[in-house]
Amino acid sequence: MNIKHLSTLFLLPLSFQAAAELPLSLEELLTDKGKLRLESSISYTNVEREQTRLANPIYIQTGANSYIAVPTALQQGSRNSDIIIGTLGLRYGITAKTELYGNASYLWRNDRTYNGAANSHSSDNLSNVSLGISHTFKQDGKNPALIGFAETTAYEKSYGKASSAKSWQIGATTYKAIDPIVLSLTGTYHINSSKNIAAGKYKAGNYFTLNPSISFAANDRISITGGVQWIAQQPSRLNGEKLAAKNTATYAHFGVGYGISRETSISASARFNVSGQSNSTLRLSLQRTF
């Protein structure tokens with residue numbers, strides 16, 4: 001396979017061969033005109049924290065560029081949490097270069113705390129519904145490809161309160177195919193507005209992510225992806241008062257994709273903490289194009 005052929009795969013509907021050759025981080029970004037793609041995933045995250053109070057939320061990645069803000073606790077003491085998020089999404093190609101997409105996520109969590117006595121608490125709820133649009137500004141060729149995207153939360157629930165259009169995200173992905181390797185870089189900026197919760201007026205800190213990655217087409221069905229992710233988050237505020245300092249975190253991630261058929265592919269990935277707040281995520285995804 002030559003470089004030109006591999007580049008073309010990014011811009012066509014998934015074929016039996018192309019499903020595996022698309023890197024995991026990019027195959028979720030493109031949908032051909034008139035095509036509908038169903039996406040589903042389940043993510044498991046384990047979080048360990050000491051002396052936790054209402055502070056910056058933990059952001060769990062549920063898609064190529066999608067994140068769920070999981071609130072921290074309103075108490076002190078050591079805390080270990082298991083969090084499972086199920087996500088269902090649809091993408092539709094309205095033109096050859098532009099698509100609309102939407103995702104809904106349901107969250108289950110179990111928190112085990114110790115503050116002189118051991119306690120365990122479980123909860124579940126519809127956590128997030130988001131809507132977005134992406135556009136290919138430049139296709140891969142002599143220069144790298146460029147895809148821009150923007151999305152907002154149509155529904156979001158945190159600290160027991162629901163809100164809408166309080167979170168916005170803008171970003172871009174650029175990639176270059178150098179057969180059989182694909183190099184990519186994604187940057188996002190997430191903007192949070194204030195919302196009312198039981199404790200008062202709460203604003204989660206805005207945050208920026210930068211994610212360079214490399215993908216390798218192992219054969220006609222399997223692709224392997226790895227990279228790092230850096231997150232910088234501004235302090236969250238309650239009634240105008242800072243709840244934490246500005247913080248940064250670094251993660252490493254890797255994944256494997258498998259093309260089951262012309263229309264269907266699955267992928268598995270792991271994301272784990274290198275520095276900053278302690279948490280790790282495992283994700284299993286399924287994609288079906290109609």
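As shown above, the structure is provided for reference.
What you are looking at is a predicted structure, and each value in this text was computed from that prediction instead of being measured.

Participant: Kindly report on the overall build of the protein, identifying the contributing residues and their values.
Facilitator: Secondary structure summary: the protein contains three helices and 19 strands in total. Relative to its full complement of 290 residues, the protein shows a buried share of 49%. In the protein, the share of contacts with a sequence separation of at least 24, taken over all contacts with a separation of at least 6, comes to 58%. Carbon together with sulfur atoms contributes 61% to the accessible area of the protein, which is approximately 13,100 Å² in total.

Participant: How would you sum up the pairing of strand β19 (residues 278–289)? Please name residues and give values.
Facilitator: What you see with β19 is a clean split: Asn-279, Thr-281, Arg-283, Ser-285, Gln-287 and Thr-289 sit on the buried side and Ser-278, Ser-280, Leu-282, Leu-284, Leu-286 and Arg-288 on the side with no burial. In terms of strand pairing, strand β1 (residues 36–49) meets β19 through twelve bridges, oriented antiparallel. Across the sheet, the residue bridging to Tyr-44 is Leu-282, located in β19.

Participant: Tell me what's going on with the packing of aromatic side chains, and back it up with residues and numbers.
Facilitator: For any pair of aromatic rings, the description consists of the separation of the ring centres together with the inter-plane angle of the planes. Under the criterion given, the structure shown has two aromatic pairs. Between Phe-208 and Trp-230, the ring centres sit 6.4 Å apart and the planes meet at 70°, which makes this aromatic pair edge-to-face. You can see Phe-208 sitting in strand β13 (residues 207–217) and its partner Trp-230 sitting in strand β14 (residues 222–233), a full 22 residues away along the chain. We classify Trp-230 as partly exposed; its relative accessible area is 37%. Between Arg-91 and the ring centre of Tyr-101, over which it is positioned, the NZ or CZ distance is 4.4 Å. Over the ring of Tyr-251 we find Arg-271; its NZ or CZ atom is 3.9 Å from the centre of that ring.

Participant: Quick rundown of the environment of Thr-186? Include the residues and the values.
Facilitator: Topologically, Thr-186 is positioned in strand β10 (residues 181–192). A relative accessible area of 9% places Thr-186 in the buried class. Note: C-alpha distance between Thr-186 and Ile-147 (39 residues apart in sequence) is 9.3 Å. A polar side-chain atom of Thr-186 sits 2.8 Å from a polar atom in the side chain of Thr-173.

Participant: Outline unusual backbone geometry, supporting the account with residue identities and numerical values.
Facilitator: Pro-180 follows Asp-179 through a cis peptide bond whose omega is 0°. Take Pro-180: it is sitting in the loop between β9 (167–178) and β10. If you check the backbone angles, Ala-165 has positive phi at about 55° while not being a glycine. Inspection of the secondary structure puts Ala-165 in the loop between β8 (161–163) and β9. On the basis of relative accessibility, which here comes to 39%, the residue Ala-165 falls in the partly exposed class.

Analysis parameters
Residues numbered from 1 in each chain as written. Predicted model: local features only at pLDDT ≥ 70, side-chain atom pairs only at ≥ 80, totals over all residues. Heavy atoms only, no water. Helix = DSSP H or I, 4+ residues; strand = E, 2+ residues; numbered from the N terminus. Buried < 20%, exposed > 50% of the residue type's maximum accessible area, 1.4 Å probe, protein only. Contact = heavy atoms within 4.5 Å. Areas by Shrake-Rupley, 256 points an atom, 1.4 Å probe, with all protein chains shown as cover. Pairing = 2+ DSSP bridges. Phe/Tyr/Trp six-rings, centres within 6.5 Å; stacked < 30°, edge-to-face > 60°. Lys NZ or Arg CZ within 6 Å of the ring centre and 35° of its normal. Polar contact = N/O pair within 3.5 Å; in protein donor to acceptor, adjacent residues only side chain to side chain.

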